[in-house]
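What the coordinates show
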Protein chains: 2
Amino acid sequence: MSQEIPYKIYLEEKELPTSWYNVRADMKNKPAPLLNPETLKPATLDDLRPVFCDELAKQELDDTTAYIPIPEPVLDFYKMYRPSPLVRAYFLEKALDTPAKIYYKFEGNNTSGSHKLNSAIAQAYYAMKQGLKGVTTETGAGQWGTALAMACAFFNLDCKVFMVKVSYEQKPFRREVMRTYGASVTPSPSMETAIGRKINAEFPGTNGSLGCAISEAVEAAVTHEGYRYVLGSVLNQVLLHQTVIGLETKTALDKYGIKPDIIIGCAGGGSNLGGLIAPFMGEKLRGEADYRFIAVEPASCPSLTRGKFAYDYCDTGRVCPLAKMYTLGSGFMPSANHAGGLRYHGMSSVLSQLYADHLMEAVSVEQTEVFAAAEKFARVEGILPAPESSHAIRVAVDEALKCKETGEAKTIVFGLTGTGYFDMYAYQKFNDHQMSDYIPSDEEIAKSLAKLPHVEK
Amino acid sequence: MSQEIPYKIYLEEKELPTSWYNVRADMKNKPAPLLNPETLKPATLDDLRPVFCDELAKQELDDTTAYIPIPEPVLDFYKMYRPSPLVRAYFLEKALDTPAKIYYKFEGNNTSGSHKLNSAIAQAYYAMKQGLKGVTTETGAGQWGTALAMACAFFNLDCKVFMVKVSYEQKPFRREVMRTYGASVTPSPSMETAIGRKINAEFPGTNGSLGCAISEAVEAAVTHEGYRYVLGSVLNQVLLHQTVIGLETKTALDKYGIKPDIIIGCAGGGSNLGGLIAPFMGEKLRGEADYRFIAVEPASCPSLTRGKFAYDYCDTGRVCPLAKMYTLGSGFMPSANHAGGLRYHGMSSVLSQLYADHLMEAVSVEQTEVFAAAEKFARVEGILPAPESSHAIRVAVDEALKCKETGEAKTIVFGLTGTGYFDMYAYQKFNDHQMSDYIPSDEEIAKSLAKLPHVEK
C-alpha cells in the first residue's frame, strides 16, 4: 500500500493547541447550572470552593469564555505523551471491504492507558498552584485513578483514591500502578468516612459503586485541611480539558484537507466524547459546518437513550451539587455482568443539552457485539482496545458497513480512548464464551427514575 | 521549558528505514558459525531448513550482505506502530540535576508492549510467504509470545506458544492477550512433546524454564507438517530485524545534529541491544565514528560479565544448533526471585564477538536498584517501564550522575524496550518492600560451566 495520507498523523510540538476550547461559549441553550444540594439554588463560586480548587470552580461556572489558555507546566507535561496519533485505519477498511475512510484518535499511548491524563494533569496543576496538600477522588475501572496518581506524582501532591471495591479486588494491577506512583488506594465503601461506614452498615459485604466512592472522596476532601476533590468525567471543567483531543484531531484533519462526515465516541460521563467533538460542534453551532455526532453507550447503562433529562444528584450520598442531565437515577446500578467503565448513571450537562437540542445522536450497544468488534479491531489494527473505546469501534464498523451497502465513501472519525491491558478478565470471559448481555427492563429504569429529586423548574 | 529539540522526535513515514542493516558485514572477526548438534560441523542451509523458514535460515547464515530490504507488507505493518519516538528525557535530566543530555528510544507503544514485534512480523511474513500453516515458539515473560500472536493473526497463521509454566500461571493476562489474537498457549513443560513428558517425569511439579520451552517448541515444529520454529532473540536474524530500532534512532539524531557519546541497552539474548547499536557499531567498525556501548545484564544472570565465551547448546533439550557465545551453561537457571525477562543462559553470537573484541562494555546490576530507577523514571517521565528496560535506565541514570560529578554534558542514548503493565506482580513486590537480590556464587557458575560441551576449535 502506498498513499498520500500516512498511517499515523502526528502533529509537531509547535502545532499543539495552547488553549482549551469551551464549547459552552458557542451554545445558545447553555447547560443548566449546577444546584447547591442544600438550597437547590444555582451553585455559586463560594458553594463550589470547599469542594473544588478555585481555578477549577471558575472553569466549571464559566460558560462565556471560548478559549482558556493551557498553563505552561501543563503544556510541558502534555508534550511527554502528546500529540496523540490520528490513525488512518487502512487495515480495518480493507478487512471490512468498505469505501468509507476511517480515522481514529488514539489516546492510549500513555501509562494511564487512556485520555484521562489530559484532565488529571490540569487538575493536579491547579491544586498545586493553590498550595494544596493533596486531592481525593474515586475510580471505577481504574483509568482515572491511575491518571491522577501520575499527575500528582509529577507535582508532588498527595493522592487519595477510593476505588470501587469490586475493581480493587478484580484489578489488583491497576491498584499497583497507582501505588507505584505513590497514591494511596482505599477500597470503597471503606470505614474511613462516615458515608462509607453507613453504607457498610446498611449493606454488609457490598461490592461498592461509583456513586458511593464519589461520596466518600468528597467527604474525605472537605474534612481534611488542604485537600480538594477532583473528578475525571461529567463536569464541565473535565470536558474543557479534554478538548485537546478534538483540537489536535481538527488540526491534523485540516492539515490534510479532510472533512469528517461522522464523529463517534463512547459515552460514560462524557469526558472523551465531549472533548473529541467540541471544536467540530463549535463549527456546527456557529453554522460554519455540519457533522453527524454519535454518542455510543452500553445497553446496560443507557442514560442518553433511555434516561430522563432532569436534575439529579451526581452521587449516591447526595453530597455533590445537582446537575441537569440525562440520568437513570442516582441509585441506578448497571448489571454486574457489565465489563469496564461507562457505568455512570448520568451524563455531562453539556452533552445532555446538545442531545436534547438534537445536535447529537445516541445509540446503545450490547457488550458481546462490542467485544467482537474489539477482537476484530485488535487483530487488524494491532491495538488491543479498552472495552469502553470498543463501543465506539462497534458503531464505527457498523457505519462503515452501511457505506459498503450504499457505496458511499464517507469519512468516519472515532475516539479510541484507551487500551485494554488491564481489562483481560473481561477479554478472558469473551475468549471463553462466558460473556453475556444485559438490558435493564423498563420497570427497572422507571423504578430508579421514580426517586429523582423534585426540583422547581 | 522551551527548547529547540522537541520532547519527542517522530520521523515521518517516508524517513523510515526500508532495509535492515546486517552489522556482520562490517565485522572483521565474524561471529562463529552455528554448529549442527549431531555432527558438530558448521550448520548449513539444509541443516537449518527443517527448523527455520528458508528465508530466515538464509538471513541467519548471511554475514556479508550489509543491507537487506524490508519486504513491503512488513513495512506496511511497521507503519501501524512505527516510527517509535526518540524521547528527550528533559524531566529526568531535571530530576537528576545533570548536565548530561539523555535520550531514549521507546519501543513500548504497541500492544505487545515491546520491541519484539519488529522481528515477529518479519518472521511471520516469511512463514506465510513460504506457504506454511503455522509457527511454534516459546515465551518466558510473554512479550515475545504476544508479539508473535499479533503477527500471526495479521497473516492468518496458526501460532503455537509454549509458555514457561511459572509465567503461564503468574501472568494470566499475557496469556489472554495471546488468546485474543488467536494463539494457542500451552504451559511448558507439557505432555504434548516427548521432551516435555521426559522433563515432567524427571522433575515432577517443575515450574519450567526457557531452555525447556525452546526444546518443546522446536520438537513441535519439526514433528508437524507445515510448521517451523521461530525465536525472539539470540539469533542473527532477530538482531537483523531489530536494527529498525537503531536505524530510526540514528536518522532522528542526525536530523538534529546530535552525536551520542554513550549508547546503553539491556541485554538478555541481545535482540534489543543488538538492534539499537548496530548502525552506530557499523560506523565504529568502519572507523567513521567512536561511541561507548554498554550492555546491561541482571546480576542474577550475568552471561557477559561472568560467563565463558565458548560453544554451548541454545536449549536444555540440546536439539538446537550450538552457538559460540558468552554463556553460563545451558543448564543455568536464574534464581526464582529474579523478575521479568533477561533470564537466558547465553548471549547473541554477534554481541558476544563484539564484546570479546572489546568493542562493547558490559555491566551487571541488581534488581532492587533496577526497580528503584524504574519507579523514579515512571514518576518523572510518565512511562511505567518493563523490568528488562529498567536495567538500561539504571545505568543511564548512573552515567548521568557521573556527568553531574565531572560537569561533563555527555549525550546518553538508551533503549527503553517496553512497558511494565504485565509485570505488576514484580512492582507489587517492590512496593511492598518484599523484593530481594540474588547473585550466583562463583561455585554455582563454575558447576554449570563444567557441563559445557566439548567442541574442537
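Residues numbered from 1 in each chain as written. Chains lettered and ligands numbered in written order. Predicted model: local features only at pLDDT ≥ 70, side-chain atom pairs only at ≥ 80, totals over all residues. Heavy atoms only, no water.

Section: the overall build of chain A
Here is the rule: Going along the chain from the N terminus, every DSSP run of H or I of four or more residues is numbered as a helix, and every run of E of two or more is numbered as a strand. The classification of residues rests on relative accessible area computed with a 1.4 Å probe and restricted to protein chains. Under 20% of the type maximum is buried, over 50% is exposed, and intermediate values are partly exposed. For this analysis, residues touch if any pair of their heavy atoms sits within 4.5 Å. Using a 1.4 Å probe, the Shrake-Rupley method yields the accessible areas, and only the shown protein chains count as cover for residues.
A tally of helices and strands in chain A yields 19 helices and 15 strands. Each of the three principal axes of chain A carries a C-alpha extent, and together these read 60 × 50 × 45 Å. The buried share of chain A, reckoned over its 457 residues, is 68%. Considering only residue pairs separated by 6 or more positions, chain A has 76% of its internal contacts joining residues 24 or more positions apart. When the accessible surface of chain A is split by element, carbon and sulfur atoms take 50% of a total near 15,700 Å².

Observations regarding the side chain of T411(A)
Residues and elements named next belong to chain A. Mapped onto the fold, T411 is located in strand β15 (residues 411–416). With a relative accessible area of 8%, T411 lands in the buried category. Every residue in contact with T411, bar those within four places of it in the chain, is listed here: K101, Y103, I258, K259, P260, D261 and I262.

Notes on the relation of the copies chain A and chain B
For clarity, the cut-off: For this overlay, a least-squares fit was computed on C-alpha atoms, restricted to residues scoring pLDDT of at least 70 in both copies.
Expressed as a screw operation, the relation of chain A to chain B combines 0.0 Å of axial shift with a rotation of 180 degrees, fitting to an RMSD of 0.0 Å. On the angle and the small slide along the axis, the relation comes out as a two-fold axis. Looking at the rotation axis and the C-alpha trace of chain A, the residue lying nearest is N109(A), at 3.0 Å. When the interface residues of chain A are mapped onto chain B, 100% of them are again interface residues, pointing to one common binding face.

Quick notes on the pairing of strand β15 (residues 411–416) of chain B
Looking down a regular strand, the side chains alternate between one sheet face and the other. Residues and elements named next belong to chain B. Put simply, the rule reads: Each pair of strands is called paired provided DSSP finds at least two bridges between the two strands.
With six of six residues buried, β15 is to be regarded as a mostly interior element. Note that strand β5 (residues 101–106) and β15 share six bridges and pair parallel. Of the residues in β15, the one forming a bridge with F106 is L416. Both strand β10 (residues 262–266) and β15 contribute to a ladder of three bridges, which runs parallel. Across the sheet, the residue bridging to I263 is V413, located in β15.

Describing the environment of S209(A)
Residue and element names in this part refer to chain A. Put simply, the test is: In protein, a polar contact means a hydrogen-donor-capable atom and an acceptor-capable atom, both N or O and within 3.5 Å, with residues adjacent in sequence counting only if both atoms are side-chain atoms; elsewhere, any N or O pair within 3.5 Å suffices.
Relative to the assigned elements, S209 resides in the loop between α9 (194–202) and α10 (210–222). Here S209 falls in the buried class, since its relative accessible area comes to 12%. Separated by 69 residues in the primary sequence, S209 and G140 place their C-alpha atoms 7.8 Å from one another. Discounting chain neighbours no more than four positions away, the residues touching S209 are V164, T316 and M333. Within the structure, the side chain of S209 is placed 3.2 Å from the backbone nitrogen of C212, a separation counted as a polar contact.

With respect to helix α15 (residues 349–356) of chain B
Residue and element names in this part refer to chain B. Within α15, seven of the eight residues are buried, which leaves it mostly tucked inside the rest of the structure. By the burial criterion, the buried members of α15 are S349, V350, L351, S352, Q353, L354 and Y355. Among the structural elements, α11 (236–241), α13 (271–285), α14 (303–306), β12 (308–313), β13 (322–327) and β14 (361–365) are those in contact with the buried residues of α15. The N-cap of α15, judged by a side-chain oxygen 3.2 Å from the amide nitrogen of V350 a few residues on, is S348.

Re the sheet that holds strand β11 (residues 292–298) of chain A
Sheets are built from strands that pair by backbone hydrogen bonding, the pairs being arranged parallel or antiparallel. Residue and element names in this part refer to chain A. If you walk across this open sheet you meet the seven strands as β1-β4-β5-β15-β10-β11-β14, and the pairing is mixed. Edge positions in the sheet fall to β1 (8–9) and β14 (361–365), since each of these pairs with one other strand and no more. By the bridge criterion, two bridges tie β1 to strand β4 (residues 86–88) in an arrangement that is antiparallel. Considered in β4, the bridge of K8 is made with V87.

So, the interface of chain A and chain B
Rules: Defined in terms of a 1.4 Å probe, buried area is the accessible area two parts forfeit on being brought together, summed over both. Salt bridge, as used here, is a side-chain nitrogen of Lys or Arg placed within 4 Å of a carboxyl oxygen of Asp or Glu. Note that Gly is not counted as nonpolar here; it falls among the polar residues with everything else outside the nonpolar set of Ala, Val, Leu, Ile, Met, Phe, Trp, Tyr, Cys and Pro and the charged set of Asp, Glu, Lys and Arg.
Between chain A and chain B, the contact holds 45 residues from the first and 45 residues from the second. Three residues, F173(A), T180(A) and Y421(A), lead the burial of chain A against chain B; their summed loss comes to 16% of the area buried on that side. Put simply, chain A and chain B have two salt bridges between them. Note that R179(A) and D432(B) form a salt bridge whose closest N and O atoms lie 2.7 Å from each other. Counting across the interface, chain A meets chain B through 23 residue pairs in polar contact (both at pLDDT 80 or more). The set of elements that each furnish at least two residues to the side of chain A that touches chain B consists of α3 (72–81), α6 (143–154), α8 (172–180), α16 (367–381) and α18 (424–431) of chain A. Residue classes in the side of chain A that touches chain B are distributed as 24 nonpolar, eight polar and 13 charged.

Observations concerning the sheet that holds strand β6 (residues 134–139) of chain B
Residue and element names in this part refer to chain B. As a reminder of what qualifies: Here an angle of 0 to 180 degrees is reported between the N-to-C directions of two axes, which are lines fitted to C-alpha atoms, with helices fitted over the stretch in contact.
Across the sheet, four strands lie side by side as β8-β7-β6-β9; this open sheet has parallel pairing. This sheet does not close on itself; its edge strands, each paired only once, are β8 (184–188) and β9 (227–229). Looking at each pair of strands side by side, their axes are set apart by 25 degrees on average, direction ignored. Pairing between β6 and β9: three bridges, direction parallel. Its bridge partner lying in β9, G134 is registered against Y227. This element, helix α10 (residues 210–222), spans β6, β7 (158–164), β8 and β9 of the sheet and lies at about 170 degrees to β6.

So, the packing of helix α16 (residues 367–381) of chain B against helix α18 (residues 424–431) of chain B
All names here are of chain B. Keep this limit in mind: Angles below 35 degrees are treated as roughly parallel, those above 145 as roughly antiparallel, those between 65 and 115 as roughly perpendicular, and all remaining angles as oblique.
Taken N-terminus to C-terminus, the directions of α16 and α18 make an angle of 100 degrees; their axes are 11 Å apart at the nearest point. By the angle between their directions, the pair α16 and α18 is classed as roughly perpendicular. Residue-level contacts link T368, F371, A372, A374 and E375 of α16 to A426, Y427, F430 and N431 of α18.

Quick word on the packing of aromatic side chains
The cut-off we apply is this: Put simply, two rings from Phe, Tyr or Trp (the six-membered ring, in Trp's case) pair if the centres are within 6.5 Å, and we call them stacked under 30 degrees between planes, edge-to-face over 60, tilted for the rest. Note on criteria: charge over ring means Lys NZ or Arg CZ within 6 Å of the ring centre, with the direction from the centre no more than 35 degrees off the ring normal.
Per the stated rule, a full pass over the model turns up 47 aromatic pairs over all chains. Look at F173(A) and Y425(B): their rings are 5.1 Å apart centre to centre, the planes differ by 75 degrees, and that puts the pair in the edge-to-face class. With F173(A) in helix α8 and Y425(B) in helix α18, this pair bridges two chains. Judged by relative accessible area, which is 43%, Y425(B) ranks as partly exposed. In this structure an aromatic cluster arises from ring pairing among Y7(A), Y90(A), F91(A), F77(B), Y78(B), Y81(B), Y125(B), Y126(B), F154(B) and F155(B). For the cation-ring pair, K160(A) lies above F162(A), with the distance from its terminal atom to the ring centre recorded as 5.4 Å.

Some details on the pairing of strand β6 (residues 134–139) of chain A
Put simply, the test is: With strands facing away from the observer, any crossover in which the path from the first strand over the helix to the second runs clockwise is taken as right-handed.
Counting buried positions along β6(A) gives six out of six residues, so the element sits mostly inside the fold. Between the parallel pair β6(A) and strand β7 (residues 158–164) of chain A, the chain is carried across by α6(A), and the sense of this crossover is right-handed.

Here's the deal with the side chain of N236(A)
Residue and element names in this part refer to chain A. Turning to its location among the elements, N236 is positioned in helix α11 (residues 236–241). The class of N236 is buried, set by a relative accessible area of 12%. Beyond its immediate stretch of four places on either side in the chain, N236 contacts R24, E60 and V350.

Considering α8(A)
Residue and element names in this part refer to chain A. For α8, a buried count of seven out of nine residues is recorded, marking the element as mostly surrounded by other parts of the structure. Regarding α8, the residues found buried are F173, R174, R175, E176, V177, M178 and T180. One or two positions beyond α8, positive phi appears at G182, with a value near 85 degrees.

Observations regarding unusual backbone geometry
Peptide bonds are trans in most cases, and residues, glycine excluded, mostly fall at negative phi. Residue and element names in this part refer to chain A. Residue R82 is joined to P83 through a cis peptide bond whose omega torsion reads 0 degrees. If you trace the backbone, P83 turns up in the loop between α3 and β4. The omega torsion across S188 and P189 is 5 degrees, close enough to zero to call that bond cis. Positive phi is not limited to glycine here, since L40 has a value of about 60 degrees. Looking at where L40 falls in the secondary structure, it is placed in the loop between β2 (19–21) and α1 (45–48). For L40, a relative accessible area of 34% puts it in the partly exposed group. Unlike most non-glycine residues, D97 shows phi in positive territory, near 55 degrees. One can find D97 in the loop between α4 (90–96) and β5 (101–106).

Observations regarding the packing of helix α6 (residues 143–154) of chain B against helix α8 (residues 172–180) of chain B
All names here are of chain B. Here is the rule we go by: Crossing handedness follows the turn of the near helix against the far one: under a right angle anticlockwise gives a left-handed crossing, and clockwise gives a right-handed one.
As a packed pair, α6 and α8 sit with axes 8 Å apart at the nearest point and diverge in direction by 15 degrees. In terms of orientation, α6 and α8 fall into the roughly parallel class. Helix-helix and strand crossings are classified by hand; for α6 and α8 the assignment is left-handed. Contacts between α6 and α8 involve Q143, G145, T146 and A149 on the former and, on the latter, R174, V177 and M178. Here the residues of the contact of α6 with α8 are counted per class, giving three nonpolar, three polar and one charged.

All we've got here are geometric facts, nothing functional implied.
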